[in-house]
Amino acid sequence: MRRPLLIALSAFLMSSSLHAAQVSVRGAEIVVDGKPFIPNGASGEARFSDLKALGATVVRTYGQEPGEILDAAQRAGLKVIVGFWLGHPRLGFDYANRTAVTQQLEDLRHMVERYRTHPALLMWGIGNEVEVDLSPEEAMAVWPAIEEAAKLAKTLDSQHPTMAAVAEVGQDKAALIMRHAPSIDVIGINGYGDGLLTSAKRARAQGWTGPVMLTEMGAQGHWDAPTAPWGAPLELTSSQKADRVRRYLLTAKQAGVGAMPFLWGQKQEVTPTWYSLLLPTGEWTETVEVMAAIWGGTPPGGANHAPRILALTFAGPSRFASDGDTHVRLAATDPDGDSLKVEWQVMAETTVRSVGGDPEPVPPSFPEGIHEPHPDGVRIAGLPRGRYRVFVTVRDGRGAAATGNLPFEVL
């Protein structure tokens, strides 16, 4: 006789625990079920339990079908900023084409209606860097389009705020959103480098009083990096990146601003390592350890620390003839005294310079260019004319790794 009662009670408890969160904006705060909520996390599609263990609270998407991500985030105890991709004028989307705009809004309608009651939903991300690579005059078509989409989302779902992510806040983007897109509740700032130290302050200086999030952040954008004489941007080692991101995350924490280092995963953009927090083989880099330390969590390796690259330099020329060679020197260490495995690789310099994170093909590898590899260095020779990079990956055998690379040219 008790079985139907237990089943009913179980169903009631399950439905109660899976209610859609009540999310609102209170001044500069995001509030979830009546409590202030700091959206720390990352963009990604996998390893959510590891992300949660770092102390993260959110994951961000950009416009893909979010159903499986919402479900996985719910299981991991994370909220989701569900992104809806607004077309970019730089890629040919025309906001004067009402048919295209109407279809885009219909797609947004379907997404909101389908997922507005999901318990993992935190807010709607209306577009990402829609204004990028446009002149101020060209961008004027973008802000009203963001408003139209945000207004529709709020009409369909009054329980979740709207957010717009911009490519750096500049000196006027927050003001432009306030003026032309008043249905946006939260401003997301994608920033890389020392501009992150003042992003929130600059948004406030423009009059923005609502919540601010650093929706993408990293040590340095490739567009701001110093370059080799032939134009190849110079990438920081994973250890140098971690040192910079530590400063940026501490500044965000002190300001009560949520932050999302980019990318919780791996991608090719300039190089396979420039923006990747994880390796394709699964290892995590030192920035992940920094995220855990500042957010009060635990990295995937527990108490294990990532290797550090102390120096990666040429002991020969960075430009040499096709019948010549050069040498690279590495100094690496492990805080735990772990035995390190060092792997060397030569890849072609990418010929694609994407904008705004557009997809890039992975350049080919040239294993024939590697000679006499050892933990302290490598000799590079036997390559045809062209532009290349030599990569090093330092693994501790316990799930962590360090990465670095140097560009070179064969004449």
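Residues numbered from 1 in each chain as written. Predicted model: local features only at pLDDT ≥ 70, side-chain atom pairs only at ≥ 80, totals over all residues. Heavy atoms only, no water.

A tally of helices and strands in the chain yields ten helices and 19 strands. For 411 residues, the compact-globule formula gives about 22 Å, and the C-alpha radius of gyration of the chain, at 23 Å, lands near that figure. Along the first, second and third principal axes, the C-alpha set of the chain runs to 75 × 65 × 35 Å. In the chain, which comprises 411 residues, the proportion classed as buried is 54%. Entry remark: accessible area of the chain is about 17900 Å², with carbon and sulfur atoms responsible for 55%. Within the chain, one finds 38 positive and 45 negative side-chain charges whose respective centroids are separated by 5 Å. (Helix = DSSP H or I, 4+ residues; strand = E, 2+ residues; numbered from the N terminus. Rg over C-alpha atoms; globule rule 2.2 N^0.38 Å. Buried < 20%, exposed > 50% of the residue type's maximum accessible area, 1.4 Å probe, protein only. Areas by Shrake-Rupley, 256 points an atom, 1.4 Å probe, with all protein chains shown as cover. Lys, Arg positive; Asp, Glu negative; His and termini not counted. Charge placed at Lys NZ, Arg CZ, Asp CG, Glu CD.)

Next up on the list: the sheet that holds strand β18 (residues 386–395). Spatial ordering of the open sheet is given by β13-β19-β18-β15, a layout of four strands whose pairing is mixed. Only two strands of the sheet have a single partner each, and these edge strands are β13 (319–320) and β15 (341–348). (Pairing = 2+ DSSP bridges.)

A separate point is the sheet that holds strand β17 (residues 377–381). Strands sit in the order β12-β14-β17-β16 across an open sheet of four strands; the sheet is antiparallel. Where the open sheet ends on each side, the last strands, each with one partner, are β12 (308–314) and β16 (370–374). Geometrically, the sheet is characterised by an average inter-axis angle of 15° between neighbouring strands, direction not taken into account. (Axes fitted to C-alpha atoms, helices over the stretch in contact; angles between N-to-C directions.)

Let's shift gears to the pattern of salt bridges. Enumeration according to the criterion identifies 24 salt bridges in this entry. Residues E148 and R98 are paired through a salt bridge, measuring 2.4 Å at the closest nitrogen-oxygen approach. Of this pair, E148 sits in helix α6 (residues 142–156) while R98 is found in helix α4 (residues 98–115), placing the two residues 50 residues apart along the sequence. Residue class for R98 comes out partly exposed when judged on its relative accessible area of 44%. Here E409 makes a salt bridge to R387, at a shortest N to O gap of 2.9 Å. A residue pair is termed long-range when its members are at least 10 positions apart, and E409 in strand β19 (residues 401–410) and R387 in strand β18 qualify at 22 residues. (Salt bridge = Lys/Arg side-chain N within 4 Å of Asp/Glu carboxyl O.)

With that settled, consider the confidence of the model for the chain. For any part of a model where pLDDT is low, the fine detail of the predicted coordinates should not be relied upon. Chain-level statistics for the chain give a pLDDT mean of 94 and a share of 96% at 70 or above. For residues 1–17, every residue scores under 50 in pLDDT, and the model assigns this stretch one contact once sequence neighbours within four places are set aside. (pLDDT = per-residue confidence, 0-100. Contact = heavy atoms within 4.5 Å.)

Here the focus is helix α10 (residues 286–295). It helps to recall that an α-helix has 3.6 residues per turn; residues three or four apart then point in one direction. Most of α10 sits out of view: nine of its ten residues are buried. Taken residue by residue, α10 has E286, T287, V288, E289, V290, M291, A292, I294 and W295 as its buried positions. Here the buried face of α10 lies against β4 (41–43), α2 (48–53), α9 (238–255), β11 (258–261), β12 and β19. Positioned one or two residues after α10, G296 has a phi angle of 75°, which is positive.

Taken across its ten residues, β19 has ten buried, putting it largely inside the fold. Residues A401, T403, N405, P407 and E409 line one face of β19 and the alternating positions A402, G404, L406, F408 and V410 line the opposite face, and both faces are buried. Where β13 lies against β19, two bridges are found, and the strand directions are parallel. Counted as the bridge partner of F320 is V410 from β19. The antiparallel hairpin formed by β18 and β19 contains five residues in its connecting segment, where G397 sits at a positive phi of about 75°.

Look at α4 against α6: their axes get within 10 Å of each other, and the N-to-C directions meet at 30°. The angle between the axes of α4 and α6 places the two elements in the roughly parallel class. Classified by chirality, the crossing of α6 by α4 is right-handed. Residue-level contacts link R98, V101, L105, L108, R109, V112 and E113 of α4 to E148, A149, L152, A153 and L156 of α6. Each residue belonging to the contact of α4 with α6 can be placed in one class, and the counts come to eight nonpolar, no polar and four charged. (Parallel < 35°, antiparallel > 145°, perpendicular 65-115°, else oblique. Left-handed = near helix turned anticlockwise from the far one by under 90°. Nonpolar A, V, L, I, M, F, W, Y, C, P; charged D, E, K, R; others polar.)

With that settled, consider the packing of aromatic side chains. Overall, the coordinates contain eight aromatic pairs when judged by the stated rule. Ring geometry for Y192 against W223: centres 5.6 Å apart, planes inclined by 90°, an arrangement best described as edge-to-face. With Y192 in strand β9 (residues 186–192) and W223 in the loop between β10 (212–218) and α9, this pair connects stretches of sequence that are 31 residues apart. Geometrically, the ring pair formed by F262 and Y275 is edge-to-face, given 6.2 Å between the ring centres and 70° between the ring planes. (Phe/Tyr/Trp six-rings, centres within 6.5 Å; stacked < 30°, edge-to-face > 60°.)

So, on to the environment of P161. Within the fold, P161 resides in the loop between α6 and β8 (162–167). Take P161: its relative accessible area is 4%, and that puts it in the buried class. With 107 residues separating them in the primary sequence, P161 and L54 have C-alpha atoms 25 Å apart. Aside from chain neighbours lying at most four places away, what touches P161 is V23, S24, V25, L122, M123, W124, D185 and V186.

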